[in-house]
Amino acid sequence: MATDFKSIPIIDLSPLLEKWDHPNLAQDEGVAQVVRQLDQACREAGFFYVKGHGIPLSLMKEIKSITREYFHQPYEEKLKIKLSAATGYRGYQRIGENITKGIPDIHEAIDCYREVKHGMYGDLGKVMQGSNIWPSNPPNFKQLTEEYVDRCTDLSRKIMRGIALALGGSADEMEGEIGGDPFWVLRIIGYPAASISNGHDKADNDVGCGAHTDYGLLTLVNQDDDIVALQVRNKSGEWISAPPIPGTFVCNIGDMLKILSNGIYESTLHRVINNSPKYRVCVAYFYEPNFDAAIEPLDVCSQKTGGTKNFEGAVYGKHLVSKVTTNFVM
């Protein structure tokens, strides 16, 4: 359960990444220290920064650079990859089309998902069927984004091995039928500069992204280095800023991990408010369970919490589709 945290911890992952597939992973003292830090961060805040993650700083910067380049194009150009139900909810959405709890969000975005081929997952997969649609400008957008997704998927799987150990399970506890063939989501987001005319009387609908929790297992946020906009809510209801720390990802846990942990770990409410006079970009990667995974509390977590399962099971793909189909005005 989240506490009254006032700041978000930083975790150096390098000992875990060095030994992630070692048969005696849990016995390594360096790994054990990372596991303890992950456990504390997930229990107290549900958010943490990671450094020593192995993804090149140049790639983190380049993905933000092409994002900015894409969003600064004329509206007509961006509309060439417009998101719709026919595209499997992939593509570009203009400012105000994304809805959080009934209120339009003040951001524009490109939404990408792992490919869902025709007939995959039967009826469950129909809504998400399709491949990503990529802009022709910048010309390296597809290649760079796919490389970035591959790197984030690999990193997330390794972090999840540490989290599995933190919960008292085996390192591969959340692989196999839970996450052996993980789905993923990528949101490439642009937040307009703050309206000068509003000044200190900012309206509610100036919120870049309203308060929400994430749907899956683990999120990796790559945010602009010089704009403070992401805020996380602690137990008392205070909004705690997650200022950018260059070269790090901000990580947070999602609804599916909350269920798997039987509530030991909480998916924490967060929001984005860009009060800066500058346009802000952010690339958020979401590591998810298998699309058709039936998620319920792990036995090891039920035992730790009195033997009772505190949550009903959820099929991840069904949970995702219920969110995706109600999040847009089209």
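Residues numbered from 1 in each chain as written. Predicted model: local features only at pLDDT ≥ 70, side-chain atom pairs only at ≥ 80, totals over all residues. Heavy atoms only, no water.

- Going by the annotation in an unreviewed UniProt entry, the name recorded for the protein is Probable 2-oxoglutarate-dependent dioxygenase At3g49630, with Nicotiana sylvestris given as the source organism.
- Turning to the protein, the UniProt annotation filed under Sequence similarities (unreviewed entry) states: "Belongs to the iron/ascorbate-dependent oxidoreductase family."
- One UniProt comment on the protein, placed under Subcellular location (unreviewed entry), says "Cytoplasm, Cytosol". (UniProt positions renumbered as here; feature names shortened; annotations may be inferred.)

## So, the packing of aromatic side chains
- Summed over all chains, the structure comprises 11 aromatic pairs.
- Relative to Tyr-92, the ring of Tyr-70 lies with its centre 6.0 Å away and its plane at 65°, an arrangement referred to as edge-to-face. Of this pair, Tyr-70 sits in helix H3 (residues 57-71) while Tyr-92 sits in strand S3 (residues 91-93); the two residues are 22 residues apart in sequence, bridging distant segments of the chain.
- Judged by relative accessible area, Tyr-92 falls into the buried class, the value being 2%.
- Here the aromatic rings of Phe-71 and Tyr-279 are separated by 6.4 Å at their centres, their planes lie at 50°, and the arrangement is tilted. (Phe/Tyr/Trp six-rings, centres within 6.5 Å; stacked < 30°, edge-to-face > 60°. Helix = DSSP H or I, 4+ residues; strand = E, 2+ residues; numbered from the N terminus. Buried < 20%, exposed > 50% of the residue type's maximum accessible area, 1.4 Å probe, protein only.)

## Structural notes on the sheet that holds strand S10 (residues 230-233)
- The four strands lie next to each other as S8-S13-S10-S11, forming an open sheet whose pairing is antiparallel. Each edge of the open sheet carries a strand with a single partner, namely strand S8 (209-212) and strand S11 (239-241). Sheet twist, expressed as the mean angle between neighbouring strand axes with direction ignored, is 25°.
- Both S10 and S11 contribute to a ladder of three bridges, which runs antiparallel. (Pairing = 2+ DSSP bridges. Axes fitted to C-alpha atoms, helices over the stretch in contact; angles between N-to-C directions.)

## What to know about the pattern of salt bridges
- Here the structure, examined in full by the defined rule, presents 19 salt bridges.
- The partner of Lys-6 in a salt bridge is Glu-238, with the nearest N and O atoms 2.5 Å apart. With Lys-6 in the segment before strand S1 (10-12) and Glu-238 in the loop between S10 and S11, the pair connects residues that are 232 residues apart, well separated along the chain.
- A relative accessible area of 54% places Lys-6 in the exposed class.
- Between Asp-111 and Arg-187 there is a salt bridge; the shortest N-O distance is 2.8 Å. A residue pair is termed long-range when its members are at least 10 positions apart, and Asp-111 in strand S6 (residues 108-113) and Arg-187 in strand S7 (residues 182-191) qualify at 76 residues.
- The structure contains a network of salt bridges with shared partners spanning Lys-82, Arg-94 and Glu-97. (Salt bridge = Lys/Arg side-chain N within 4 Å of Asp/Glu carboxyl O.)

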